[in-house]
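A structural walkthrough
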Amino acid sequence: MMPDSTILNFINGHYVEPKSKQWIDNICPATGKVVGKIANSNAEDVAAACLAAESAFESWSETPLEKRAHIMMKIADLIDQQMESLAVAESQDGGKPITRARNIEVPRAATNFRFFASAITQFSSEAHESVGQNAINITLRQPLGTVSCISPWNLPLYLFTWKVAPAIATGNCVVAKPSELTPRTASMLGEICNEAGLPPGVLNIIQGQGTTAGQAILEHPNIKAVSFTGGTATGEHVARVVAPQFKKLSLELGGKNPNIIFADCNYQKMLATTVQTSFANQGQICLCGSRIFVEQPIYEKFKTDLVTRAQSLKIGPPALPDTDLGAVVSQPHFDKVLSYMDIAKQEGTILCGGEPAVVPGHENGFFIKPTVIEVSSNRCRLNQEEIFGPVVTVMPFKSETELLGLANDVGFGLSATLWTRDLDRTMRLSKKIDAGVVWVNSWLMRDLRTPFGGFKNSGVGREGGLESLRFFTEPKNVCIAFENNLKNEP
Ligand code: NAD
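In this convention, every chain numbers its residues from 1, walking through the sequence in written order. For a predicted model such as this one, the threshold for reporting local features is a pLDDT of at least 70, and the threshold for listing and counting side-chain atom pairs is 80 or more; totals across whole chains, interfaces and linings nevertheless cover every residue. Processing note: side-chain calculations cover all non-hydrogen atoms of the structure and skip hydrogens and water entirely.

1. Concerning the site of the ligand
Spelled out, the test is: Here a residue is near a molecule or strand as soon as one of its heavy atoms is found within 4 Å of it. Side-chain atoms alone can form a polar contact between residues adjacent in sequence; in general such a contact is a pair of N or O atoms within 3.5 Å, and within protein one must be able to donate a hydrogen while the other accepts it. A 1.4 Å probe and the Shrake-Rupley method give the accessible areas. Residues count as covered only by the protein chains that appear here. The helix count covers DSSP runs of H or I at least four residues long, the strand count covers runs of E at least two residues long, and both are numbered beginning at the N terminus. Here the nonpolar group is Ala, Val, Leu, Ile, Met, Phe, Trp, Tyr, Cys and Pro; Asp, Glu, Lys and Arg are the charged ones; every other residue, Gly included, is treated as polar.
Every one of the 29 residues lining the ligand counts as a neighbour, but K177, E180, T234, L253 and E386 are closest to it. Taking G210, its main chain carries an N or O atom lying 3.4 Å from an oxygen atom of the ligand. The contact in question runs from a nitrogen atom of the ligand to an N or O atom on the backbone of L253, over 2.7 Å. When the ligand sits alone it has 850 Å² of accessible area, and the protein chains cover 89% of it. Residue assignment for the shell around the ligand shows that the elements contributing at least two residues are α7 (210–219), β11 (223–229) and α8 (232–242). In terms of residue count, the dominant contributor to the shell around the ligand is α7 (4 residues). Among the residues making up the shell around the ligand, the classes are represented as 12 nonpolar, 13 polar and 4 charged.

Here it is in structure tokens:
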């Protein structure tokens, strides 16, 4: 058992210090205080993790599917059993309200393991008979070997396990790196895996900064695939490093999602959900609807109602059960989000928020008031750049054609939210919106079988269900010729 305040690497089933003995501070976003230290790993640690993964691969890749599934189900059960300590760690690391970690995010990590444990037992490959040529083609779906999973800080365990679960279900061994801003729950997962009976080396967790630990993972020659979730600029760098090595690459990147509201919507449901799409997790969800477009007849009413709701949200210590908004993740991120407030004064009108919030007893925490800004053009920086904080813009539209132009006039294409009761309009717009996910009269509903990913600068490839299982396997066609003459044997 490691001390809670020291985050070590998890290699070959053991917690180990970084070989360089380099550490980075672990800073609590709600207090601004250093609460521990995190291994800052380098290429030597990654090499050790790769070695462990390679040794485990032969046996793990031949482990019967039922046994793999059984271990993964056990991991899910243990996550459930340790829900409270995981939720506390997640909330302290990221500044998010404990209720969110406890009720949504950590349970989803358990669901990820359960889903892929079950999915692997249902996964099938194809056969193609070459009729007339006396041959049958069988597609094998083989694990790749050592693969890497690199994840961000905003939904730490939830997104970490979203990659790790399908990777190990398909028989790969993993070198995974959580964000250096939120390392604790991934670290705790190591112990859970040991307890569940996952063989050593199947999951190795490397801690540390992206530029050192992450970069070493990208560059290691024996890593066959990189599954990356993070910012678009980092994704571009990852693609540049990984592409010449011809590794498989999946990129889940940033978003600047439109939240489109028509006058015929279910207004109360839309308003309640829009408060979530705008400010849940302090607006730090890649699927948040940060550009709100409202049909003209209800625009003024909506503006007033959204501002009233935003102002009534309780900003407070993440550990308190009635806190709606906690802290944003770090000082640099706090500074970045607030830097947009100067831009807001030039590009629009701040209707509420626009400044830090002072939480008594947590004066050095990174709290920001929920902010609504009215803009008159979609071509402004506020509407084109991912701010990734509790900040939304609002602007009216008059027609579907105008709306479609606004919604698609952005470099990203992760998701869109659409509020209308008109089925024809739903289909017309859903087909034309540039986004990997269109939520209609809903948001963040999860069906793990569906493809998830982005258009444009929001990424390349899809995760979820079969897409994940296919990503983490290599198809191999085996063509078997056969004799087709009936033998006239006595
Ligand atoms: P980030 O790009 O800074 O970091 C993501 C991960 O990459 C971290 O683990 C980091 O250490 C690592 N990293 C950084 N530099 C690296 C390098 N040179 N080589 C290898 N790894 C490196 O992103 P973030 O700030 O942690 O997360 C926020 C971003 O993630 C936002 O843009 C958000 O939209 C995006 N995001 C996207 C999705 C999605 O599914 N599309 C989901 C969640 C978050």
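2. Observations regarding the packing of aromatic side chains
Working definition: an aromatic ring pair is given by the centre-to-centre distance plus the angle between the planes. Quick note on the threshold: Think of it this way: a Phe, Tyr or Trp ring, Trp meaning its six-membered ring, pairs with another when their centres are within 6.5 Å, and the plane angle makes it stacked under 30 degrees, edge-to-face over 60, tilted otherwise. Buried residues are those whose accessible area, probed at 1.4 Å on protein chains only, stays under 20% of the maximum for their type, while exposed residues exceed 50% and partly exposed ones sit between those limits. We call a charge positioned over a ring when the NZ of a Lys or the CZ of an Arg lies within 6 Å of the ring centre and within 35 degrees of the ring normal.
Evaluation of the coordinates by the stated rule reveals 7 aromatic pairs. Note on F10 and Y15: the rings are 5.1 Å apart at their centroids and 55 degrees apart in plane angle, and the pair reads as tilted. Using a relative accessible area of 2% as the deciding quantity, one classes F10 as buried. Consider the rings of F116 and W162, whose centres lie 5.9 Å apart with planes at 55 degrees: the pair is tilted. Within this pair, whereas F116 is found in helix α4 (residues 98–122), its partner W162 is found in helix α5 (residues 156–169), the two being separated by 46 residues in sequence. Per residue, the accessibility class of F116 equals that of W162, and both read buried. If you follow R68 out to its NZ or CZ, it ends over the ring of W60, 5.9 Å from the centre. The aromatic ring of F471 is capped on one face by K248, whose charged end is 5.4 Å from the ring centroid.

3. Focus: the pattern of salt bridges
We count it as follows: We count a salt bridge whenever a side-chain nitrogen from Lys or Arg sits within 4 Å of a carboxyl oxygen from Asp or Glu.
Tallied over the entire structure, the rule returns 22 salt bridges. K177 is the partner of E180 in a salt bridge, and the nearest nitrogen-oxygen pair spans 3.3 Å. Among the residues examined, K177 registers a relative accessible area of 3% and is labelled buried. With its nearest N and O atoms 3.0 Å apart, the salt bridge here joins K301 to D305.

4. Things to note about the nonpolar core
What counts, and what does not: Joining through side-chain atoms within 4.5 Å is the link that ties buried Ala, Val, Leu, Ile, Met, Phe, Trp, Tyr and Cys residues into a set, and such a set is a nonpolar core. The split into domains, and so the bounds of each, comes from an automatic or database assignment of domains. Two residues form a contact once any of their heavy atoms are found within 4.5 Å.
Grouped together as the largest cluster of nonpolar side chains are 72 residues, with contacts concentrated most on I79, F113 and L189. If you tally residues by element for this core, the top one is α4, at 11 residues. Three or more residues apiece are contributed to this core by two domains, here domain 1 (6–253 + 458–477) and domain 2 (258–440). Setting aside anything within four residues of it in sequence, one finds I79 in contact with L86, V106, A109, A110, F113, L189 and I192.

5. Quick word on the sheet that holds strand β5 (residues 34–39)
Using the following cut-off: Two strands are said to pair when DSSP picks up at least two bridges between them.
Strand order in the open sheet made by the 3 strands is β1-β5-β4, with mixed pairing throughout. Pairing within the sheet leaves two strands with one partner each, and these edge strands are β1 (6–7) and β4 (23–27). Examined bridge by bridge, β1 and β5 share 2 bridges and lie parallel to one another. Opposite T6, over in β5, you have K37 as the bridge partner.

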